[in-house]
Structures are given as structure tokens and as C-alpha cells.
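So the chains spell out like this:
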Amino acid sequence: MKRTPRLALHAAAVLLTVTSASEAAADDGAGPLGVTAVAAATSQNARVGALFAGKKHFCTASVVRSPHRDLLVTAAHCLDDGDDGLVFVPGYRDGTAPYGKWKVRKRYMPEGWSKGQQDEDSDVAFATVEGDIQDVVGGNRFVTGAATGATAVTVTGYPSSRDLPISCTNKPTAHSRTQQRIDCPAFTGGTSGSPWVNGNGQVVGILGGHEQGGSTPDVSYSVVLGAEAAALYRDVIR
């Protein structure tokens, strides 16, 4: 479970500054795969932020494009506690909020999760914030139906034990028909909800799903984004 650090599972990984070469691997360019590093402060990474409840961040979310310009995507298990005081801080770094703090206004869950089932195949959700956050940091495209492993993806998230985002690029593989996995070290509690972004700036996965994202820091999961996720997105942006 990668929502909180309660499992206290930490990988012995060296966190280096992400280079442009490693980011290029997201579209199968040159660069190391399966290496976790401190994410650079870039315009792309500004779309990813930490979700706060009170003074502590516990999950990750990211901005995706929508007509109302106020939409986040994350894991459903990050939003199911009913806390009305959630705040999203894009580009959070060393205790600072370079792009402001955005209050979460409304949450949207798929039926497979919201009707008490908490189906791991439905562990993706959206939330709106108060204000046009997309005008400030931009947004990635939310894409369903992408073939697992067609290209490498970059996963960026916020471990609860750190005040810096980490990032890793690798090729996902199929875990099952409805779940995909990626081998990236050091993705501990707090990284649930991290977007899996391909080289075209498309979100094709969300860290969550099986074992609520994974029971070890070195292997993470995502729902295969299919018809249910597509229907939820359509409903949200109406």
C-alpha cells in the first residue's frame, strides 16, 4: 500500500538528479531505465503535486486537461476517507508551494470503488480544485486504451517521508488483464496516485490498483485504464 508510509519499506537506492537523457527514455530515447532519482524542477513536473491533509502529505496527484481547467487525477484509495480539508500543492519542494495551494472541491469515484466494493480494478479517481489550475501549470492528457508497455513511462510521486518528488522511467508489463506493473525502486508510502506519463505527455496509468499500488517499494501497480476510467472522465468533464 503506497498511500502512507506505515509499512516503512525503504529501498536502498541512490537518488540522483533526473537528467534530460533519462526523461527521454519515456519515448524510448536514450537513457537509463528503472533508476529512481530526485525529480528535477521542470514545467512538466510542476503538474504533479502532493496531496495534503492538514500539515502532512500522504498521496500524489497530477493535473490533467479538462474543459473547466480544474481537474486532478489520483488513486481512488487516496480520496476515500471523506476528509473535506484536502489541499493539492503542485510542484511541492522543500516545504514550498511554488504554484500555490489549491483546495480540493469535489471528488469523483468509479462505481466499482464508490459503492463499497473498493475493487482494485477501479482504483482511479478524479478531483476538482477551486480555481483554474491548468492555466498555471498546464495539464497532461488523460488517455485510456493504451497498450501496456507500448512505450516506457515516467512515474513521478511524493514519498510521505520526503519533501521532494522522485521519478523513475521504465516500461510497464502486464500483471493481469486489468492490472499493469512497473519496476522502479524506492516508491514508498505517499506515492499512490502518481501519474504514469509516456513520451507524448499522456497519463496512461495511475499508481494504485493491485495491493493499493504495491506492498514493496520496488514494484508498483496501476489499473489498466479502460472503459470504466474513460466513462468516469467523460462524466467529470461534462
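Here the structure is shown first, and the text comes after it.
Scope of this entry: the structure provided in the associated data block. (Residues numbered from 1 in each chain as written. Predicted model: local features only at pLDDT ≥ 70, side-chain atom pairs only at ≥ 80, totals over all residues. Heavy atoms only, no water.)

Considering the pairing of strand S16 (residues 219–223)
Piece 1. In terms of residue burial, S16 counts as a mostly covered element, since five of its five residues are buried.
Piece 2. Across five bridges, strand S13 (residues 179–183) lies against S16 in antiparallel orientation. If you follow Arg181 over to S16, its bridge partner there is Tyr221. (Buried < 20%, exposed > 50% of the residue type's maximum accessible area, 1.4 Å probe, protein only. Helix = DSSP H or I, 4+ residues; strand = E, 2+ residues; numbered from the N terminus. Pairing = 2+ DSSP bridges.)

Concerning the sheet that holds strand S12 (residues 173–174)
Piece 1. Read across the sheet, three strands follow the order S12-S13-S16 without closing on themselves; strand pairing throughout is antiparallel. Either end of the sheet is taken by a strand with one partner, and the two such strands are S12 and S16.

Some thoughts on the packing of aromatic side chains
Piece 1. As enumerated under the stated definition, the model contains five aromatic pairs in all.
Piece 2. Between the aromatic rings of Phe52 and Tyr92, the centroid separation amounts to 5.1 Å while the plane-to-plane angle is 80 degrees, which identifies the pairing as edge-to-face. One end of the pair, Phe52, is in strand S3 (residues 48–53); the other, Tyr92, is in the loop between strand S6 (86–90) and strand S7 (102–108), and 40 residues separate them in sequence.
Piece 3. With a relative accessible area of 9%, Phe52 lands in the buried category.
Piece 4. A relative accessible area of 9% means that Tyr92 is categorised as buried.
Piece 5. Ring geometry for Tyr92 against Tyr158: centres 6.2 Å apart, planes inclined by 50 degrees, an arrangement best described as tilted. In this pair, Tyr92 is assigned in the loop between S6 and S7 and Tyr158 in the loop between strand S10 (153–157) and strand S11 (166–170), connecting sequence segments 66 residues apart. Here Tyr92 and Tyr158 have matching classes, each one buried. (Phe/Tyr/Trp six-rings, centres within 6.5 Å; stacked < 30°, edge-to-face > 60°.)

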